[in-house]
Amino acid sequence: MAEPTTLSNLGQAVGLTATPAAAAPAKPKLDAKGRAYATGRRKNAVARVWVKRGAGRITVNGKALEVYFARPVLRMLLQQPLVSANRATQFDVECTVVGGGLSGQAGAVRHGLARAMISFEPDLRPLLKKGGYLTRDSRAVERKKYGRAKARRSFQFSKR
């Protein structure tokens with residue numbers, strides 16, 4: 001008597017044989033200058049980020065990181081993907097960012113930097129994904145409604 005076989009998917013039951021994809025190492029996506037590019041977004045800010053091998057210099061809109069983002073919290077936020085991947089002194093980062101305020105711009109650069117690092121080194125994806133740097137933060141300012149002072153705030157109530 002023949003032993004029963006266990007099927008792992010519907011394709012095997014129909015007779016189609018699905019060949020498992022070979023785990024080929026992912027190739028980096030680089031331009032002619034050896035840079036990886038990605039776009040990051042946060043609130044109303046959009047950042048275009050280029051990453052290449054270097055000494056760890058970061059320029060934002062043609063200015064040094066310390067000049068453009070004067071607050072240490074914003075600089076720390078921007079550098080989180082580099083620090084968590086231990087690549088703070090191995091990549092040069094050049095980015096242009098438009099729209100929004102400084103907080104949104106720092107978040108947009110962080111998002112774009114993490115995506116560009118994956119284009120440069122695909123092996124970093126699990127680490128950056130676990131840190132939450134690849135998820136676009138979709139929170140934005142709620143619009144003002146008519147009949148209200150702000151988005152949710154009502155005008156002061158008075159009986160008289």
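Up top is the structure these notes are about.
I will try to describe carefully the structure that is included in this document. These numbers come from a predicted model, not from an experiment. (Residues numbered from 1 in each chain as written. Predicted model: local features only at pLDDT ≥ 70, side-chain atom pairs only at ≥ 80, totals over all residues. Heavy atoms only, no water.)

1. Looking at the side chain of Asp92
Operational definition: Secondary structure elements are defined from DSSP: runs of H or I of at least 4 residues count as helices, runs of E of at least 2 residues count as strands, and each element is numbered from the N terminus. Note on classification: 1.4 Å probe, protein chains only; a residue is buried when its accessible area is under 20% of the maximum for its type, exposed when over 50%, partly exposed between these limits. Polar contacts, as counted here, are pairs of nitrogen or oxygen atoms within 3.5 Å of one another; within protein the pair requires one atom able to donate a hydrogen and one able to accept it, and residues that are adjacent in sequence qualify only if both atoms are side-chain atoms. Contacts are assigned to residue pairs that have any heavy atoms within 4.5 Å of one another.
Secondary-structure assignment places Asp92 in strand S5 (residues 91–98). By relative accessible area, Asp92 is classed as buried at 8%. Of the polar contacts made by the side chain of Asp92, one reaches the backbone nitrogen of Ala55; its length is 3.0 Å. For Asp92, the contacting residues outside a window of four places in its chain are Trp50, Val51, Lys52, Arg53, Gly54, Ala55, Gly56 and Arg57.

2. A look at the pairing of strand S1 (residues 36–42)
Quick note on the threshold: If DSSP finds at least two bridges between two strands, the strands pair.
Here S1 lies mainly inside the structure; 5 of its 7 residues are buried. Bridge count between S1 and strand S2 (residues 45–53): 7 bridges; the pairing is antiparallel. Looking across to S2, one finds that Tyr37 is bridged to Trp50. Remark: 2 residues form the turn of the hairpin made by S1 and S2, two consecutive strands paired antiparallel; Lys43 in that turn has positive phi of roughly 50 degrees.

3. What to know about unusual backbone geometry
The residue Lys43 is not glycine, and still its phi comes out positive at about 50 degrees. If you trace the backbone, Lys43 turns up in the loop between S1 and S2. A positive phi angle, near 55 degrees, is found at Asn86, a position not held by glycine. With respect to the helices, strands and loops of the structure, Asn86 is situated in the loop between helix H3 (72–84) and S5. On the accessibility criterion, Asn86 (62% relative accessible area) is exposed.

4. Some details on the pattern of salt bridges
Heads up, the rule is: Salt bridges, as used here, are contacts in which a Lys or Arg side-chain nitrogen is within 4 Å of a carboxyl oxygen on Asp or Glu.
Applying the stated criterion across every chain yields a total of 8 salt bridges. A salt bridge links Asp137 to Arg139; its shortest N-O distance comes to 2.8 Å. For Asp137, a relative accessible area of 25% corresponds to the partly exposed category. A salt bridge links Lys145 to Glu142; the nearest nitrogen and oxygen atoms lie 2.5 Å apart. Overlapping salt bridges bring together Arg42, Asp137 and Arg139 as one network.

5. Remarks on the nonpolar core
Operational definition: Throughout, nonpolar core names a set of buried Ala, Val, Leu, Ile, Met, Phe, Trp, Tyr and Cys residues whose side chains join them through atoms within 4.5 Å.
Among the nonpolar cores identified, the biggest contains 32 residues, and Val49, Val60, Phe69, Met117 and Leu128 are the most heavily contacted of them. Where this core is concerned, the elements lending two or more residues are S1, S2, strand S3 (58–60), helix H2 (65–68), H3, S5 and helix H4 (102–120). If we skip the residues at most four places from it in the chain, Phe69 touches Val60, Leu74, Arg75, Leu78, Leu102, Gln105 and Ala106.

6. Some points on H3
Which entries qualify depends on this criterion: Multiplying 1.5 Å by the residue count of a helix minus one yields the expected span of that helix.
With 13 residues, H3 ought to run about 18 Å at 1.5 Å a step, and its terminal C-alpha atoms sit 17 Å apart, in line with that. Regarding H3, the residues found buried are Leu74, Leu78, Pro81 and Leu82. The elements touched by buried residues of H3 are S3, H2, S5, H4 and helix H5 (125–131). Trailing H3 by a residue or two, Asn86 shows a phi angle of about 55 degrees, which is positive.

7. A few points about H4
With 19 residues, H4 should cover 27 Å at 1.5 Å per step; its first-to-last C-alpha distance of 26 Å lies within 8% of that length. In terms of burial, H4 is largely enclosed, as 15 of its 19 residues are buried.

8. Description of the side chain of Thr39
Mapping Thr39 onto the fold places it in strand S1. A residue is classified by how much of its surface remains accessible, and Thr39, at 17% relative accessible area, is buried. A polar side-chain atom of Thr39 sits 3.0 Å from a polar atom in the side chain of Tyr37. In contact with Thr39, not counting residues within four places along its chain, are Val46, Ala47, His111, Gly112 and Arg115.

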